[in-house]
Each structure stands twice: as C-alpha cells, then as structure tokens.
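Here's the letter readout for the chains.
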Amino acid sequence: MKNMIQPGQFYAVSLGPGDPGLVTLRAQRILEEADTIWYPATVQPDGSVQSVALDILLECRLDETRFRRMELPMSRQRQRASKVYDHTWSLMLEELLEGKRIAAVTVGDAGMYSTLTPLLGHASEAGISCSMIAGVPAFIAAGAAAGIPLVCHSDRLTVLAMVDSTDEVDRALEEGGTVVVMKLSTLRHDLVPWLEASSTSFLYAEKVGMKGEFMTSDIEDIRNRSIPYFSLLVCSRNGRQQ
C-alpha cells in the first residue's frame, strides 16, 4: 500500500512596510525554506505590474525561480476580489496537496488589513496547517522614523483603514487617545480641509520604508500631494505638531 502524501504547510509571511531591513529573521528563514513564494501584484491601467512585495523579496536574496505572482485587484468590490482569491487558492491547494511548503507574503503584518486574510480563511476551511509570521506595521515604523511615541501608559490606540469619511475619524478621536488611519487614499479630497478645520495634531506618512518615503506634520506640505494608497495619518487632539 502506497504511503499517502501529507498536505504541506501554508505560511502567511509578513514583510513589514517596505524596508527589507525590517523583514524579521523568522520571515527570512521561512522564505528560504519554502518550496514556492507567492506575492501579491496589481496590474495597472497601462498594463504594467506593480508589487511592493516583490520589490522587498528581490532584496532578500532568494531563489527567484520559486516566486509565484498573485494578481489581486485593488478594489473594494468584494465579489470581483473573491473570484480572484478563489482561483489563486485553487492553484496553491494543488501544491499543498503535493506536500509542498508555501509562503504567501504581504506588506505590513499578515494579521492587520492584510491581502492574505481570504487565503487564510481558505486554508482553515480546507484543514491545511497554516502559520502566520508577524511583521512591522507601517504606522509603527512611521512613528519610530519620526521619533514619536504613539501611545504612553494607559493611552488608547485606535486603528482605522480605508474610512469612508472624516466623521469616522472624528468619532474615534472623541473616544480619546491616538488614532491611526491607514490606506488614507479614500480621504484624499477631504483630508486637508478636515485638518484645517480641526485642532488635531498629526503625522502624515506615505510609502514608509519604500523609495519615495515622505513624512510631515505641516498641512502645507500635503496640500498638493496625491495621497496614495500607501499613506497613513497618526493623530490626536493635543495640538498640531510643528
């Protein structure tokens, strides 16, 4: 009787915000040992492919023949995204059932607003053993780069992402403590007017740890910026930082 092949292991590997130096030693080890490494990428309107995750992987000195691309839509339309994730998982599952070790990577931390969340759900439903490898979130790296303690003592920390209006930020601030808004592009048209009307102290950061990193606490510095997807705001009601 032939021995049955045991299913492989699925790893959700966090790469940190963009600086390869913030990839943890454990993440590096898992990536070196994995049979295949799946990274998220987005096809742009001009047909080019963009992937911050791939940029980080290329700095980690790994065997690129093990790389596999996941073309994921940067869309809030769940139905379209769900079909893409279902197809991607079917390809991964084939390898897992062959006993392979798969590492799927994400920018930031795999447990925080991650592109890997649906795949973790699929792995759980399929009974596949999976492990999450922690990483440094962008707002933690931004606070460190700016030399700003995000919270002290018993301060409250609230993290939001892709909010629909500044009202959500106001409600969070009313509860006290520090509020972080990630994926700030949804507020690109309202951000400056809201900051001008508010007494909120803030740190604005974009592309933390990546080429083109930018941080400021001056409204004038962001008045004409595009506010990209990889941007965030750290704010409180303690008076604007200068």
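Caption draft 1: Structural detail: the sheet that holds strand S9 (residues 201-206). In space, the five strands of this open sheet follow the order S7-S8-S11-S9-S10, with mixed pairing throughout. The sheet terminates laterally at strand S7 (157-161) and strand S10 (214-216), the two strands that pair on one side only. Averaged over all pairs of adjacent strands, the angle between strand axes in this sheet comes to 15 degrees, irrespective of strand direction. Sheet analysis places S7 next to strand S8 (residues 178-182), joined by five bridges and oriented parallel. If you follow Leu-160 over to S8, its bridge partner there is Val-181.

Caption draft 2: Structural view of the environment of Ala-104. Tracing the backbone through its elements, the reader meets Ala-104 in strand S5 (residues 102-106). The class for Ala-104 is buried, based on a relative accessible area of 0%. Sequence separation between Ala-104 and Thr-166 is 62 residues, and the spatial gap between their C-alpha atoms is 33 Å. Not counting residues up to four positions away in its chain, the partners in contact with Ala-104 are Phe-10, Tyr-11, Ala-12, Val-13, Trp-38, Met-92 and Leu-116.

Caption draft 3: Structural context of the nonpolar core. In this structure, Val-13, Leu-31, Ile-37, Leu-57, Ala-103 and Val-105 are the most contacted members of the largest nonpolar core, which totals 22 residues. Elements that contribute at least two residues to this core include exactly strand S1 (10-14), helix H1 (25-33), strand S2 (36-43), helix H2 (52-58) and S5. Excluding anything up to four places from it in sequence, Ile-37 contacts Leu-31, Leu-57, Leu-62, Arg-66, Phe-67, Arg-68, Ala-103 and Val-105. Membership of the second largest hydrophobic core comes to 21 residues, among which are Val-169, Trp-194, Phe-202 and Ile-222.

Caption draft 4: Just the pattern of salt bridges, in detail. Per the counting criterion, the structure on display carries nine salt bridges. Of the charged contacts in the structure, one is a salt bridge between Arg-156 and Glu-175, with a shortest N-O distance of 3.9 Å. With Arg-156 in the loop between helix H5 (138-146) and S7 and Glu-175 in the loop between helix H6 (166-174) and S8, this residue pair connects regions lying 19 residues apart in the sequence. You can call Arg-156 partly exposed: its relative accessible area is 43%. Given a relative accessible area of 51%, Glu-175 falls into the exposed group. Taking the shortest distance from any N to any O, the salt bridge between Arg-223 and Glu-220 comes out at 2.7 Å. Overall, the relative accessible area of 35% leaves Arg-223 in the partly exposed class. Where salt bridges share partners, they join Glu-196, Glu-220 and Arg-223 into one cluster.

Caption draft 5: Fine view of H1. Taken as a whole, H1 has its buried residues at Ala-27, Gln-28, Ile-30 and Leu-31. Buried residues of H1 fall within an arc of 165 degrees about the axis and therefore sit on the same side. Residues of H1 that are buried make contact with S1, S2, H2, S5 and strand S6 (130-133).

Caption draft 6: The arrangement of the packing of helix H3 (residues 78-96) against helix H4 (residues 117-126) in detail. For the pair H3 and H4, interaxial distance at closest approach is 10 Å and the crossing angle is 50 degrees. Overall, the two elements H3 and H4 adopt an arrangement that is oblique. The handedness of the crossing between H3 and H4 comes out as right-handed. Side by side, H3 and H4 meet where Tyr-85, Asp-86, Thr-88, Trp-89 and Met-92 of the first sit next to Pro-118, Leu-119, His-122, Ala-123 and Ala-126 of the second. Partitioning the contact of H3 with H4 into residue classes produces seven nonpolar, two polar and one charged.

So, how was this worked out
Residues numbered from 1 in each chain as written. Predicted model: local features only at pLDDT ≥ 70, side-chain atom pairs only at ≥ 80, totals over all residues. Heavy atoms only, no water. Pairing = 2+ DSSP bridges. Helix = DSSP H or I, 4+ residues; strand = E, 2+ residues; numbered from the N terminus. Axes fitted to C-alpha atoms, helices over the stretch in contact; angles between N-to-C directions. Buried < 20%, exposed > 50% of the residue type's maximum accessible area, 1.4 Å probe, protein only. Contact = heavy atoms within 4.5 Å. Core = buried A, V, L, I, M, F, W, Y, C linked by side-chain atoms within 4.5 Å. Salt bridge = Lys/Arg side-chain N within 4 Å of Asp/Glu carboxyl O. Arc of directions from axis to C-beta. Parallel < 35°, antiparallel > 145°, perpendicular 65-115°, else oblique. Left-handed = near helix turned anticlockwise from the far one by under 90°. Nonpolar A, V, L, I, M, F, W, Y, C, P; charged D, E, K, R; others polar.

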